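Analysis of the macromolecular model
The residues making up each chain are set out below.
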Amino acid sequence: NPEKIHIPYLERYLRSDEARSIYASKMQGGVARRRSIKKDVFLGIEIPLPSLDEQKRIAAILDKADALRRLRQQSLDLTEKLIHSVFLDMFVHREGTLKWTRRPVEECARDYKGSIRTGPFGSQLKHSEFVEEGIAVLGIDNAVQNEFKKGKPRFITEDKYEDLKRYRVYPDDVIITIMGTVGRCAIVPADIPLAINTKHLCCITLDQDACLPEYLHACFLNHPEVLEQLGVRAKGAVMPGLNMGIIKELKIPIPSIELQQKFKKKIKALRNQLEILEHSRIELEQL
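The structure presented is a predicted model; accordingly, all values stated were derived computationally and were not measured.

Some points on the layout of surface pockets
Of the pockets and cavities examined, the second largest pocket occupies roughly 510 Å³. Arg 12, Arg 15, Ser 16, Leu 62 and Glu 285 are, among the 16 residues lining the second largest pocket, the residues nearest its centre. Of all the elements in the fold, those that place two or more residues in the lining of the second largest pocket are α1 (7-14), α4 (52-91) and α10 (257-286). By residue number, the principal contributor to the lining of the second largest pocket is α4, which donates five residues. Residues that form the lining of the second largest pocket fall into these classes: eight nonpolar, two polar and six charged.

Brief notes about the side chain of His 217
Looking at the element boundaries, His 217 is found in helix α7 (residues 213-222). On the basis of relative accessibility, which here comes to 9%, the residue His 217 falls in the buried class.

Quick word on the sheet that holds strand β6 (residues 174-177)
Taken in spatial order, the four strands of this open sheet run β2-β9-β6-β7, and their pairing is antiparallel. Every interior strand has two partners, whereas the edge strands, β2 (116-118) and β7 (185-187), have only one. Neighbouring strand axes in the sheet, compared pairwise and without regard to direction, differ in orientation by 20 degrees on average. Pairing of β2 with strand β9 (residues 201-204) involves three bridges; the strand directions are antiparallel. Across the sheet, residue Thr 118 finds its bridge partner in β9, namely Cys 202. Docked against the sheet, α7 engages β6, β7 and β9, running at close to 165 degrees with respect to β7.

Quick look at the pattern of salt bridges
Per the counting criterion, the structure on display carries 17 salt bridges. Between Glu 54 and Arg 57 there is a salt bridge, with its nearest N and O atoms 2.9 Å apart. With Glu 54 and Arg 57 both in helix α4 and three residues apart, this pair spans about one turn of that helix. We classify Glu 54 as partly exposed; its relative accessible area is 28%. Arg 57 sits in the partly exposed class, given a relative accessible area of 45%.

Definitions and limits used
Residues numbered from 1 in each chain as written. Predicted model: local features only at pLDDT ≥ 70, side-chain atom pairs only at ≥ 80, totals over all residues. Heavy atoms only, no water. 1 Å grid on protein atoms, 1.4 Å probe; cavity = no way out; pocket = protein on both sides within 12 Å on 5 of 7 lines; lining within 4 Å. Points joined across faces, edges and corners; volume = space filled by probe spheres on them. Helix = DSSP H or I, 4+ residues; strand = E, 2+ residues; numbered from the N terminus. Nonpolar A, V, L, I, M, F, W, Y, C, P; charged D, E, K, R; others polar. Buried < 20%, exposed > 50% of the residue type's maximum accessible area, 1.4 Å probe, protein only. Pairing = 2+ DSSP bridges. Axes fitted to C-alpha atoms, helices over the stretch in contact; angles between N-to-C directions. Contact = heavy atoms within 4.5 Å. Salt bridge = Lys/Arg side-chain N within 4 Å of Asp/Glu carboxyl O.

Next up, the structure:
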């Protein structure tokens, strides 16, 4: 009844945290994804109902905040696209790129055994051996967004680490998911604590006199030649399969280290802008 309630106000309330907590308390069913509320129970839920003018005022304020939130999200999306465009301009559409040497990723790694490795397999590390605190263990969740993120806390004891220290992860390593959501990658941050990686990740320690982590990371995600070798027909598509052997043999164009450093500097500035925009977006969500 529009004489009693302003529809945008009702819609906003029904999506609020308060309303969602009420739904949760009234849901029935044993399986989480199949829980539901009966129609008469839903229609019996009481809602706060100020005057019609106050409802309109509240809805208008929320509409403004939501419009700002959408603009921030658009800015984030455009900045992500700009990062992709900068890579293409510098390393794909640039004149002379076809003359660059193509080298397997294996030749870009540090010259020592284990510079490209996956984590411990099978009985080497059982789930029951994880502890509340200790040496960190990185997994898919740390790389699945194509940038390094904090994931589910996983730790092993110092004694267990001594058995598995050949799987150690170092700052500036490039980690790539090879199980689950395949083909996502991230750069390990400089402040990473002592950590190893799981079998779900391939970890690469690079020879940074030849190939920077920022370049390999972007190359793996954006370069048409690389994506074609991986069987990916479109950027962002699911990779058909990936393992350490494929990654080692993957041939990438090698531009000058000076050009890679220029790219690193540009990407750093854009990533800083993304952090500011993301912080603003979160504040608007809270608002």
